[in-house]
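Structural overview
What follows is each chain in one-letter form.
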Amino acid sequence: LSYLPNKNKVLVNETFFADNMLNTYFDIVVDLNEQFNYDLALLISKVNSTYKIGFTKEYSDMFYNLQFDNSGENKVLEDSYNKIKLILS
């Protein structure tokens, strides 16, 4: 996957589909992007996974069942990344 910031789109390469990623089961899928991206969130929603982790944003409840709030003046992105790292350990 790659992100095209000038078009605000996610480009999915052919290996994603060739590897049959949408029919593969994953324990956890993590979106590490601090900014919400609808295309990526929609793709993640189609992946078979027990846990889908992302950051709390306006529509994130529709896509992620575990969310980290990175808003507010005392929040540091690295703190959220460290919590995700602990979950994956």
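1. Comments concerning the overall build of the chain
For the chain, the count of helices and strands is 3 helices and 5 strands. Along the chain, helices and strands appear, N-terminal first, in the series β-β-α-β-α-β-β-α. When each of the 89 residues of the chain is scored for burial, the buried share is 25%. Per element, the accessible surface of the chain, about 6,400 Å² overall, is 52% carbon and sulfur.

2. Observations concerning the packing of aromatic side chains
Here the structure, examined in full by the defined rule, presents 4 aromatic pairs. Between Phe36 and Phe63 the ring centres are 5.8 Å apart and the planes differ by 40 degrees, which places this aromatic pair in the tilted class. With Phe36 in the loop between β3 (25-30) and α2 (38-46) and Phe63 in the loop between β4 (48-55) and β5 (66-68), this residue pair connects regions lying 27 residues apart in the sequence. On the basis of relative accessibility, which here comes to 25%, the residue Phe36 falls in the partly exposed class. Put simply, the rings of Phe36, Tyr38, Tyr59 and Phe63 touch in pairs and so form one group of aromatic residues.

3. Considerations on the side chain of Asn37
Looking at the secondary structure, you find Asn37 in the loop between β3 and α2. A distance of 2.9 Å separates the side chain of Asn37 from the backbone nitrogen of Leu40, its partner in a polar contact.

4. Some details on the sheet that holds β4
Sheet architecture is open: 3 strands sit in the order β3-β4-β5, paired in parallel fashion. The two strands at the open ends of the sheet, each matched to only one other strand, are β3 and β5. Averaged over neighbouring strand pairs, the angle between their axes works out to 10 degrees when direction is ignored. Pairing of β4 with β5 involves 3 bridges; the strand directions are parallel. Considered in β5, the bridge of Gly54 is made with Gln67.

5. Considerations on the environment of Lys83
Mapped onto the secondary structure, Lys83 falls in helix α3 (residues 77-88). Taking the C-alpha atoms as reference points, Lys83 and Phe68, separated by 15 residues in sequence, lie 8.8 Å from one another.

6. Overview of the pairing of β3
Direction of pairing for β3 relative to β4: parallel, over a ladder of 5 bridges. Considered in β4, the bridge of Tyr25 is made with Asn48. Of the crossover connections in this fold, the one passing from β3 over α2 to the parallel β4 is right-handed.

What counts and how
Residues numbered from 1 in each chain as written. Predicted model: local features only at pLDDT ≥ 70, side-chain atom pairs only at ≥ 80, totals over all residues. Heavy atoms only, no water. Helix = DSSP H or I, 4+ residues; strand = E, 2+ residues; numbered from the N terminus. Buried < 20%, exposed > 50% of the residue type's maximum accessible area, 1.4 Å probe, protein only. Areas by Shrake-Rupley, 256 points an atom, 1.4 Å probe, with all protein chains shown as cover. Phe/Tyr/Trp six-rings, centres within 6.5 Å; stacked < 30°, edge-to-face > 60°. Polar contact = N/O pair within 3.5 Å; in protein donor to acceptor, adjacent residues only side chain to side chain. Pairing = 2+ DSSP bridges. Axes fitted to C-alpha atoms, helices over the stretch in contact; angles between N-to-C directions. Right-handed = clockwise from strand over helix to strand, strands pointing away.

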